[in-house]
Amino acid sequence: MSAANAAKASHGAPTVPGDDRLEELRQSTKTSFFGKLPIIKQLRIAVGWQKGMLVTGLILCGFFLLVAIFAPLIAPYGYSQIKDASGQAFPTQAAPSAEHIWGTTVGGFDVFSRTVWGARTAVIAIIVAVLCSIFVGVLLGLVSGYFGGWVDRVLVVIADAVYSFPSLLLAILMAIMISHGQSGLWAGIFSSGLSITVVYIPQYFRTIRAEVVRMKESAFIESARVIGASTWRIMTKHLLKNSTRTLPVILTLNSSEAILTLAGLGFLGFGIEPTAAAEWGYDLNRSVSDVTAGIWWTAIFPGVAIVLIVLGITLVGESLNDLSDPRLRTRKSAGEVIGSIEDTSVDPSTQKDAAEVVFTDPNTGDANEAPAANTVNKGDES
Amino acid sequence: MSGTQILNKDVVAEGDLAAIKNLSVSFVTDAGPIKAVDKVNLTIPKKSIVGIVGESGSGKSVTAKSILKLLPETATTSGAIYLKSRDGSQQMDVLALNSEQLRQMRGEEAAMVFQEPNSVLNPVYTIGWQIAEGLRAHGITDKHEQRAKAVDILKKVGIPDAETRIDYYPHQFSGGQKQRIVIAMALVLNAGLILADEPTTALDVTVQAEILDLLRMARDEFDASVLIITHNMGVIADVADDVIVMYRGHVVEQGSVEQIFYSPKEPYTKRLLSAVPRIGQKLVVRDEQGQIIERKTDYREEPIAVKARGLEITYPGHLMQPPFKAVRGIDFDIHRSEVVGLVGESGSGKSTTGRAIAGLQRISGGSLNVLGVEMNGFKEREFKPKRADIGFVFQDPGSSFNPLMTIAQNVAEPLLVHGKYHSLAEARKYVEELLEMVQLPKAYMDRFPHELSGGQRQRASLARALALKPPLLIADEPTSALDVSVQAKVLELFKKLQVEIGFACLFITHDLAVVDMLADRIMVMHKGEIVEHGDADQIMRNPRDPYTRKLLASLPIPDPREQRKHRAHLHELLAAEQA
Amino acid sequence: MEAKATAEADASPIKAKPSETKPKKNRISSGFFKFVVVRFLLIIPTIFILVTIVFFVMRATGDPITAALGGRLTPQELQARIHQAGYDRPLIVQYAEYLGDLLHGDLGTTLTDNQPVTTILTRYGAATFELAFLALIIALIVGIGLGRIAARRRDHAPDAAIRTFAILCYATPVFFLGLLLKLIFSIWLDWLPSSGRSSLESEMQFGRLVSPTGFYIIDALQLGDPAVLLDVLQHAILPALALGLLTAGVFIRLVRTNVISTYTSGYVEAARSRGVSEKRLLSKHAWKPALIPIITVMGMQIALMLAGAVPTETTFEWKGLGFMLSTYLKARDFVAVQGIVILIAIIVSVVNFIVDVISALIDPRVRY
């Protein structure tokens, strides 16, 4: 690029064929604002299996979101309804029929309605958990990573200890603390959400801190320091935005863990009371004895719902992770020798120090140096 | 080997080892397909060193990797690469080989030496095991024979105590030794063609000379041909018999080293040669009328801007590491409006010194006075207003800008931080002037850093450093990430601005030729100490310290005839040192 | 920042000086022992932090007696019990006492059935470890095997299929997978028993043993009765599979990612350029360096398995620590819960220590 410019500046005409085509390439690669939106951008660069995964994941997530929003319209009955409009009690453990298309539970709930309403609980829990833990975790990570010192060391030891501890057990402890094991109405959702929050703060903390520590040494932060920018300015203007690039990946992967943890709590009887909201883990808990009796419908439907929503979120998260890591990303083969001559002597995905890579986008271009979002999937022990 | 891909007819001329015919390679990137190499034709003679020279993006690396078909899956090739086997009995088209034929060819007929020895040695295996792996792949399965051969070749490439150190892991060797080991791995298979992809770029200049000697040994003692890829004209002048000049995926010119250096045919080759910095070549800048501009003041009479006495800088140790003393008690002065060159190899403490002056690194002992402020135990709050008076240009123009801010925002940052303007909108006009000053079109203001080339980014970096018209500028290897032609432009701009604005400057670099072009005085650093300092001319012509002499002698001169004498001089020096 | 002290030896002329202080071959250096000692000492703060968190979290909103027996006793009786157990003293005093007891190996007495917590741990621990061990074997075989295939056949059909399988594995809550397995293999197909660790007959056989280990497979081998062994294994298959597949999903992903990253590294490319076959590149050159991060995370997963055992054991009525934990949770017996949780915390810390030492043994950069 620069060589070309230097050449042009001093001699005008390009010296070898291929120069002129560079100009065309530059024009055609201007991306629209729409194309820069997070998910959309990833959709554009994904190919093959990766695209399939991402699209499947997005469809599943969208589906559950819609179900959650329109639950009152979709579900024929309320989540705690055990009598129909005429006051006639629902049958218990009834096989799927016209009235109860997915059957009823031992308590007389309509399985279909409970499953639909459960989507709403799951989505609310994710939102509460993710929002709270992201906020606290990012803040702590930023401060701890930038200032270092003994506060940082203490926070790291605590976060590491908590991180290594099984999250389901931690969530149980938090549930005991918050609600003392007895979940009321909305408090149930919130205590589950908050338990999950506390469990995931260390993960955000660790990720952001690692990014900040890495970036603190980078030339652009040093150049801000050498300019004399205040600590506040460096943190807010330079560090914050740049350190949160890997967040979407962790966010999605943790959302799926949040659901599994919520369901695990419910399964162990520390979730939400059935009269407060529909919760899949609780329903599965009640279906353990049903299964032994061969009653499958009370277990299969809420179970499959959990699998599908977690599957959807995980697919999105995995795809984002792959796409943000140049080593894991798939690219199409050109098929034939086409294209313009570019200012990279080797494949940009493998060459870190191709100083003249011009047409990379801000995220993927720098992702070369960024450590792969090694979001250690901390396992879903629920 | 047999099959249609093995040719017996003579495609490759007698006396040649390999021929590339109409090779094109393209890759798929996010921005669409990119052609890295376009219809390249070249030949590699037997028992000779062929240098491919070109700037980044010229396709030189891709061409070399194509010979081993070591291209990523996204690459598509066309054309042919013909390679003769060592004994000359067979010829093969590399691009048409099947995977087993390819595997056999790799290492046996052609082997590769990579740029970064650190990343091409497997950290969890001993080097002996890694050398043996190559032998094993080519039919030598006897453990004792493998070991004997490995020890033998390690001795050949100058690894002392090879019998013991064959069982060491890569991290137990220094960078230069690692590169020797990588070369040993290529030589042990006795390949007819050694492909060396920027084998000395990651190394210091004194180590570079040793590695180039090894490549000559590969030709002279192993009768191999070497294809060396480099951007450094000095290296080419030092080792190459033949030269291929590449530019933007095309071969511009191929010829003997004498022809390329003394009678280049193509304008591009001429331009490339003229951009190479040489010792003794002073940079002269002119204004629009072509008048030479000179600095008005004599720096010797100017007040002192930076004064160091017994300056020490220590990096604290970690759990497993002792503290490391990077700077061991140095004294120096920098006058206002003077350019001081600080030269040294990696690990010499030169960058650390620069960072200490800019307040990026705390000093652990002695005294460092920067523009009247004592840096030993300084308080950030007190030093902060002084920061407006210090500009800093970083080595890597790619990473020294906030990637999420536009060029205008980045350049305006010091103006906003020091309250010269209250908003970007107010500052825009001035930022425009600044960009004009560094010869960047103002259309670039609203671009993001990654949308600029390296040279453009380094110009913008200069604009930012000079935004507050500081009396002191620290430039830490500002041109080492740039191609020579771009480097020439940036250095010229730098000189012009220095003459016009008259800032004092500490110019940190490993490149003696660059520092000679710019600096009034030079300090040579080695292992945390200043071994020699004085006027630039004196240091360059009459170096007194043995280290400076070796440094100068190791620097290859981009002139084959001169370099031959120069190399003899280096070998004399080294022999004297050994004795 | 400049690279600190790299090229010292290179500053010397063509023949580099023999280096003076290089460690000798195959002898583990003092640096490694230092590492082990330091790493071991780090367990103590970790356990201390976890114990502290567990203690204060459990006690934040009340005493265990009210939680367990509140409503069943009159307020006066409750008050008397609380006073008797010392739960009305300042929390910090109780905490100090708890730490002291812990050092003596005393984890308190359960409220609901009045047993020392340590007895519960010894009585039910073996069952949980047996389950975790079997599950780990399944997870390792499936995870490493499939993960390596996926990395090798990256972006092709086998990779896509394996990845889908892996994601399904960890998208399925272990208790739902357990229910599914039970439904299919025990209820519908009637191939395997649906719950418990063994049949009644086997239990009676175990009663004859002089020194039962509690590990039923070992006990069955002691008895030397193939029928008993078969019975024990039949009972173990489904729970081990449920817990193992969950972890296998994580392992597949872990192995695949790390092997891909070393498989595309410079040293593998360099080895390829010397003619080393793809098979060997994968099995040696890319595998060993990938193993370092893999082992670290695997260690964490092993610890997590103990937590995964809670819902698994509940689903299969596998009478281990997890089953007991869930029982005591339902009974709101927080003394017992606290004891079991702290035991798990200690195990987690120790496993992480062992894993760090193993990965240091693989990585010569730490060893020397």
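- The name an unreviewed UniProt entry gives chain A is Peptide ABC transporter permease, with Bifidobacterium simiarum as the organism.
- According to UniProt, the comment filed for chain A under the heading Subcellular location (unreviewed entry) is "Cell membrane".
- Recorded under Sequence similarities (unreviewed entry), the UniProt text for chain A is reproduced unchanged: "Belongs to the binding-protein-dependent transport system permease family."

## Some details on the pairing of strand 17 (residues 390-393) of chain B
All names here are of chain B.
Thinking step 1. Side-chain alternation along strand 17 places Ile 390 and Phe 392 on one buried face and Gly 391 and Val 393 on a second face that is also buried.
Thinking step 2. Sheet topology note: the strand 17/strand 18 (residues 472-476) ladder contains 4 bridges and is parallel. Looking across to strand 18, one finds that Gly 391 is bridged to Leu 473.

## What to know about the pairing of strand 12 (residues 304-315) of chain B
Residues and elements named next belong to chain B.
Thinking step 1. Pairing of strand 12 with strand 13 (residues 324-335) involves 9 bridges; the strand directions are antiparallel. From the neighbouring strand, Ile 313 faces strand 13, where its bridge partner is Val 327.
Thinking step 2. Strand direction decides the pairing type here: strand 12 and strand 15 (residues 365-370), joined by 5 bridges, are antiparallel. Counted as the bridge partner of Val 306 is Val 370 from strand 15.

## Considerations on the UniProt feature "transmembrane region" (unreviewed entry) in chain A
Residue and element names in this part refer to chain A.
Thinking step 1. Taking the numbering used here, the UniProt-annotated feature "transmembrane region" (unreviewed entry) corresponds to residues 53-75, 122-147, 154-178, 184-205, 247-272 and 295-317.
Thinking step 2. Between the first and last C-alpha atoms of residues 122-147 the distance is 37 Å; the span itself is 100% helix and 0% strand.
Thinking step 3. Strand forms 0% of residues 154-178 and helix 92%; the C-alpha atoms that close the span are 25 Å apart.

## Focus: the sheet that holds strand 4 (residues 49-53) of chain B
Across a sheet, strands are paired by hydrogen bonds formed along the backbone, either parallel or antiparallel in direction.
Residues and elements named next belong to chain B.
Thinking step 1. Across the sheet, which stays open at both edges, the 6 strands sit in the order 7-8-9-4-10-11 with mixed pairing between neighbours. What marks the edges here is a single partner per strand, and that holds for strand 7 (110-113) and strand 11 (250-256). Direction aside, the axes of adjacent strands within the sheet are offset by 15 degrees on average.
Thinking step 2. Where strand 4 lies against strand 10 (residues 242-247), 4 bridges are found, and the strand directions are parallel. Bridging from a neighbouring strand, Gly 51 pairs with Val 243 of strand 10.
Thinking step 3. Docked against the sheet, helix 8 (residues 205-220) engages strand 4, strand 8 (193-197) and strand 9 (225-230), running at close to 155 degrees with respect to strand 9.
Thinking step 4. Sheet contacts for helix 11 (residues 267-275): strand 10 and strand 11; angle to strand 10, the most-contacted strand, approximately 100 degrees.

Calculation rules
Residues numbered from 1 in each chain as written. Chains lettered and ligands numbered in written order. Predicted model: local features only at pLDDT ≥ 70, side-chain atom pairs only at ≥ 80, totals over all residues. UniProt positions renumbered as here; feature names shortened; annotations may be inferred. Buried ≥ 20, exposed ≤ 12 C-beta atoms within 10 Å, placed from the backbone. Helix = DSSP H or I, 4+ residues; strand = E, 2+ residues; numbered from the N terminus. Pairing = 2+ DSSP bridges. Axes fitted to C-alpha atoms, helices over the stretch in contact; angles between N-to-C directions. Contact = placed C-beta atoms within 7 Å.

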